[in-house]
10 protein chains.
Amino acid sequence: MDKLTMTEKLVAAKLEKGVTWEVAGEALGMSPVWLASACLGMNSAPAEKAKAISEYFGLDEEVATALEVYPTKIWDQAVPTDPLIYRLYEVVGVYGETLKEVIQEKFGDGIMSAIDFSMEVDKIEDPKGDRVLLTLNGKFLPYKSW
Amino acid sequence: MDKLTMTEKLVAAKLEKGVTWEVAGEALGMSPVWLASACLGMNSAPAEKAKAISEYFGLDEEVATALEVYPTKIWDQAVPTDPLIYRLYEVVGVYGETLKEVIQEKFGDGIMSAIDFSMEVDKIEDPKGDRVLLTLNGKFLPYKSW
Amino acid sequence: MDKLTMTEKLVAAKLEKGVTWEVAGEALGMSPVWLASACLGMNSAPAEKAKAISEYFGLDEEVATALEVYPTKIWDQAVPTDPLIYRLYEVVGVYGETLKEVIQEKFGDGIMSAIDFSMEVDKIEDPKGDRVLLTLNGKFLPYKSW
Amino acid sequence: MDKLTMTEKLVAAKLEKGVTWEVAGEALGMSPVWLASACLGMNSAPAEKAKAISEYFGLDEEVATALEVYPTKIWDQAVPTDPLIYRLYEVVGVYGETLKEVIQEKFGDGIMSAIDFSMEVDKIEDPKGDRVLLTLNGKFLPYKSW
Amino acid sequence: MDKLTMTEKLVAAKLEKGVTWEVAGEALGMSPVWLASACLGMNSAPAEKAKAISEYFGLDEEVATALEVYPTKIWDQAVPTDPLIYRLYEVVGVYGETLKEVIQEKFGDGIMSAIDFSMEVDKIEDPKGDRVLLTLNGKFLPYKSW
Amino acid sequence: MDKLTMTEKLVAAKLEKGVTWEVAGEALGMSPVWLASACLGMNSAPAEKAKAISEYFGLDEEVATALEVYPTKIWDQAVPTDPLIYRLYEVVGVYGETLKEVIQEKFGDGIMSAIDFSMEVDKIEDPKGDRVLLTLNGKFLPYKSW
Amino acid sequence: MDKLTMTEKLVAAKLEKGVTWEVAGEALGMSPVWLASACLGMNSAPAEKAKAISEYFGLDEEVATALEVYPTKIWDQAVPTDPLIYRLYEVVGVYGETLKEVIQEKFGDGIMSAIDFSMEVDKIEDPKGDRVLLTLNGKFLPYKSW
Amino acid sequence: MDKLTMTEKLVAAKLEKGVTWEVAGEALGMSPVWLASACLGMNSAPAEKAKAISEYFGLDEEVATALEVYPTKIWDQAVPTDPLIYRLYEVVGVYGETLKEVIQEKFGDGIMSAIDFSMEVDKIEDPKGDRVLLTLNGKFLPYKSW
Amino acid sequence: MDKLTMTEKLVAAKLEKGVTWEVAGEALGMSPVWLASACLGMNSAPAEKAKAISEYFGLDEEVATALEVYPTKIWDQAVPTDPLIYRLYEVVGVYGETLKEVIQEKFGDGIMSAIDFSMEVDKIEDPKGDRVLLTLNGKFLPYKSW
Amino acid sequence: MDKLTMTEKLVAAKLEKGVTWEVAGEALGMSPVWLASACLGMNSAPAEKAKAISEYFGLDEEVATALEVYPTKIWDQAVPTDPLIYRLYEVVGVYGETLKEVIQEKFGDGIMSAIDFSMEVDKIEDPKGDRVLLTLNGKFLPYKSW
């Protein structure tokens, strides 16, 4: 089973079960962002987690196996068009140099890893309009000389 | 004075004064990320803040005026090459669809604003390697029907 | 049912019913532009409106459900080729800087939202050639400092 | 004098005179959008208007002559990055097909001219946040068969 | 019936009938260029002409209906590769600035319409090698100030 | 003297002399389109013509020499943005396949040369709006088998 | 039968017959390069040759007819990735300006035709490694003034 | 001295000396194509040849040194626009697959080197129009398995 | 059988057999990198090796034949998005100029062949985190003058 | 002093001193690849190393300071054109998928770091032609679930 079919099955099962990624994540002891990412095929799940996810959604072994596969991460749009995703791209464009300044001032020459990395989404209720809180947490990797 | 010259003057003055964006931000009562962004010319500063920044760095009126100018935000690389900035771009590519799923599940159809928006950088010390914590905080804007 | 199938069904039903977006919009109490946009799959419809649209065109529940889905907004052509759409793109290219000048002079540093946004099309009859009147109405969002 | 120098002189003179495009447009009997567009070098001004603009800003003949020159309209970014201009581009991407549907339903097969065209910007005050109103007015041009 | 199927049917019928676009155009009282363009799906035909074309080629109502549909004009190659089409693109690249100079010198600031437009192909026999004569005829549209 | 300087000198001299490309072309016995193209640096002029052009505009030997140089024909925009030039590009996009059909039907498999080629611009006065008439005349080159 | 199917049939028949393009070309009195090009669908074959090719490979009338069709020459990769083809592209990039210098020095201002053109591939045996000899033979086309 | 200055000096000296690449090449015992390529800065010359070239054109040591420098070979246009160079690009596009077929049939799996490579330009006089003969000679490099 | 089907069969057989590329490579006396590359369709296998691979995986003659076919090497993403592959691309971007300096200093003007080339992957165990060791081994090809 | 000036000074000093990167690296106790990379401005040097490099080449404090600056790593060509660098790009294109297979088989889901990374160039003398040996050594970073 390829990742595409796996995602279709998982999304359909989630709809039928009537749960959100948040509810499912809590039940499974996983972050909703990571869980969604694995189910959408952009991350692989370790064997136990793959099994737990598949069982939670009432799906079979094949789905668990597909969740374990290491994905080839491909996106087609160098510049995304969906407004929600574009705004994130815009943040990188507008604040990229700034973040480089501030991070490297704090940590030295290096980068924030996108591999040893996690991410959370929170909702801050606000009478003037609720706010989205994204938290990115990545290991700092210093450049080395040799 | 155009933004480019303004940035050169501010960066040189900061180097001479021997302060970081963090120290300067604390002294001025501004977030280091926002302060750096205004000094790099990617945000405009309200008149009072512009004056305060210019004075803090021992620069003249012209710099304050340039800080107030509304910038045209341009970046040349649709796909950034600097590794630190690219990793952020990669996060958008790998997790864009996932974030759309999780945010819209929590908030309904809409986006996280990149305008009514703020951002912080924190350092989490960790014996296995320090970690960068980025926090993005944007107002949720629902689509409207009409 | 995916958005593509939904659009095909709605467009066929509209043709059969022999109504225009304008007639349908008036009957349903919705703007023709918004209605067309939801039926073409570029906006989601709130549950009640989705039901009303589906019923108006004599279609079943599945279509209503598909109308409620939050779309991923994708367009393939960075520069559109269809002459009608290209002319709009050209307006953005020719007048973009000008609009930035005039809007920010009136409102301060910020943008016109494309999310909290509506749009109308009117026809002005004119013996020298009828004219198209497009009205874009978007909330002004000021940049914030922090 | 090339258009670039002309624009620099006009923008500096406007700043010194302390007027907005709106005030200047009213004084000169011209739309602020068109006036800004001519001064930014994206439209040519007829001789009389060119002279009036130049005199209003206290500039010499050369500026008037430069305003009369027919510009070669060039923009460098196929996809604009400035957030204000990008939002307009996004409107074309999201609503392009919809506008084609609605305009051609009302007018037949053809386009809205971007040449025989005018545009206005208005401010609608609103306690929940002011709104930008853009009005585009273009002649409808029907396709012909031959 | 979509435009693609329509084109396939028309091209097959033309082949079977053994006529050229020129012969068909003369029989139908239409320019061969316009006729080919409508049959290839890049222009819509008014109802009467659509019926006449469909009947001439011995095809049914559905083809006539498809000919009436307003097409979305899309081409995939920003720079065409077919040598015949590339040479036309090259003419635009090599002579574009020159044509702008000469047309605007003759007509003032404005453009040649590609909508209120027609085009003919003629053959000039020449012992040193026959020549292709393309004639483009478009309405001049002057820019307006407002 | 490079082509850029040559063009600046010729355009300035033409302005001072107060002639159009048409008047100059007639005086020199050359087509205005070709003359403009050579003066803009997109074609080389044979020695005699180069001398005649240079003398007509009261310029020196160096200009004549520069006119003789074989140009490297470069254009920066794969898709031109100036509206006048874009409309020509659009004609190639919309009618490219059609012209291939009609030309190859008349001439066989081959192309219209853009080298053994000439072009004229004419004005057709019309009470409903003057029209631009472009005439492209290129040698047909048949493909050969070998 | 479209060109794609035609190519598949010809390539399969060639494989079955166990001949090379060189052997087939010699038998048919055609250059192996031209023969391969026609069979791959990038050139049309005159009626007699089309018939001869089809018969040689034991295929029917339909293949002969497809060989006669004038192809639309399309390649998808502006920069080819296959190493053999890329090296040819690299030669154009590295030596393009040089060839322009040397050809125009020998022939005057003009180009080498890619239409009135033929090409051969030869093998030069060499103990230090065999060498490929490509010979391109194209008519020189001089620019004309008018 | 960088390659750009070197090329300017060599081209000026060649013009003054009144020789062609062919004459110079013959005098120096070098191929005109290679000589032009080295002088245009797209190949390095071994020390002795560099000295000989520099002396032949009456230039100093610095030019010889610059000729020896290993160039970074950069071209800006992925798709060249100059018609002479584009025709070569077109040959690669139209005949690339064909050449792959014919070369690999003759030599096995591998490529024609663009490094261990030479190229000649010849003129074939022909009453129907002279012809350009390009000869490319590159070592065949077989793929290896390991 | 095309390369795509071949790859699917080989990957499925490898999974069923439960071996890694390393184990299979050792058993077959081939490098795991080359073996994977041939099975993924990016290299052709000599007849004997093709037979050995096919037999090892329990597949038939057709697979062996497909392994022998000379592939057309195509990749779709000019800039790869998969993080593992992107990091390699980044190494080329960051260190390309440096490698040119160091290689040409050691070898003279020329390149490292990607054809007469092999590559190995090794694992270096390290308590602070295992390391990947890639070894690229390519023949140096000097430029030649002629 | 910006990185560009720094590089010019270092390269000139190296030329004058008459050393290679290898000799300089050995003298300074640094890898020639890393040393060249720092001097070309694509890596920052720790303070002590910066001082040592600057002194070795007989340059002043300013150069040492510039060597310490954290660079913004930018390359202009998404697809490099220089043949030496292109071959490396080609290796990534041809072997990218293969390396992903082999590395992830050995290490699990993750990547080879391009930050915690080093690289060496060696020369293998070979009577059939010397060979370049590139060794890339990067820390393996496993994806984490959370």
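Residues numbered from 1 in each chain as written. Chains lettered and ligands numbered in written order. Predicted model: local features only at pLDDT ≥ 70, side-chain atom pairs only at ≥ 80, totals over all residues. Heavy atoms only, no water.

### Thoughts on the pairing of strand β1 (residues 110–124) of chain E
Residues and elements named next belong to chain E.
At step 1: In terms of burial, β1 is a largely internal element, 11 of the 15 residues being buried.
At step 2: Alignment of β1 against strand β2 (residues 131–142), held across 11 bridges, turns out to be antiparallel. By the bridge assignment for β2, I124 is matched with R131. (Buried < 20%, exposed > 50% of the residue type's maximum accessible area, 1.4 Å probe, protein only. Helix = DSSP H or I, 4+ residues; strand = E, 2+ residues; numbered from the N terminus. Pairing = 2+ DSSP bridges.)

### Observations regarding the UniProt feature "domain: Cyanate lyase C-terminal" (unreviewed entry) in chain A
At step 1: Within the UniProt annotation, "domain: Cyanate lyase C-terminal" (unreviewed entry) is assigned to residues 74–146 of chain A.
At step 2: Helix makes up 34% of residues 74–146 of chain A and strand 37%, with an end-to-end C-alpha separation of 33 Å. (UniProt positions renumbered as here; feature names shortened; annotations may be inferred.)

### Description of the relation of the copies chain D and chain A
At step 1: At an RMSD of 0.0 Å, chain D and chain A line up after a rotation of 180 degrees and a shift of 0.0 Å along the axis. Taken together, the rotation and translation describe the operation of a two-fold axis.
At step 2: In this assembly the copies share their binding face: 100% of the residues contributing to the interface of chain D also contribute to that of chain A. (Least-squares fit on C-alpha atoms with pLDDT ≥ 70 in both. Contact = heavy atoms within 4.5 Å.)

### Section: the interface of chain A and chain B
At step 1: With 68 residues of chain A in contact, the opposing surface of chain B contributes 68 residues.
At step 2: For the pair chain A and chain B, the summed buried area comes to about 6,800 Å², and 68% of that belongs to carbon and sulfur atoms.
At step 3: Of all residues in chain A, the largest losses of buried area upon contact with chain B belong to L84(A), K106(A) and V132(A), amounting jointly to 10% of the total for that side.
At step 4: One can count eight salt bridges joining chain A with chain B.
At step 5: The partner of K106(B) in a salt bridge is E22(A), with the nearest N and O atoms 3.1 Å apart.
At step 6: Counting only elements with at least two residues in the side of chain A that touches chain B, the list comes to α2 (21–28), α3 (32–39), α6 (83–107), β1 (110–124) and β2 (131–142) of chain A.
At step 7: For the side of chain A that touches chain B, the element with the most residues is α6(A), which contributes 25 residues.
At step 8: Here the side of chain A that touches chain B is built from residues that sort into 37 nonpolar, 13 polar and 18 charged.
At step 9: Here β2(A) runs beside strand β2 (residues 131–142) of chain B; their pairing, made up of nine bridges, is antiparallel. Its bridge partner lying in β2(B), N137(A) is registered against L133(B). (Buried area = accessible area lost by both parts, 1.4 Å probe. Salt bridge = Lys/Arg side-chain N within 4 Å of Asp/Glu carboxyl O. Nonpolar A, V, L, I, M, F, W, Y, C, P; charged D, E, K, R; others polar.)

### Let's talk about the interface of chain D and chain A
At step 1: On the chain A side, the residues contacting the six residues of chain D number six residues.
At step 2: The contact between chain D and chain A buries some 530 Å² in all, and 45% of this surface belongs to carbon and sulfur atoms.
At step 3: It is Y86(D), R87(D) and E90(D) that lose the most area in chain D upon contact with chain A, and together they represent 69% of the buried surface on that side.
At step 4: Seen at the junction of chain D and chain A, the total is two salt bridges.
At step 5: Inspection of the chain D/chain A interface yields two residue pairs in polar contact (both at pLDDT 80 or more).
At step 6: Of the residues that constitute the side of chain D that touches chain A, the class distribution is three nonpolar, one polar and two charged. (Polar contact = N/O pair within 3.5 Å; in protein donor to acceptor, adjacent residues only side chain to side chain.)

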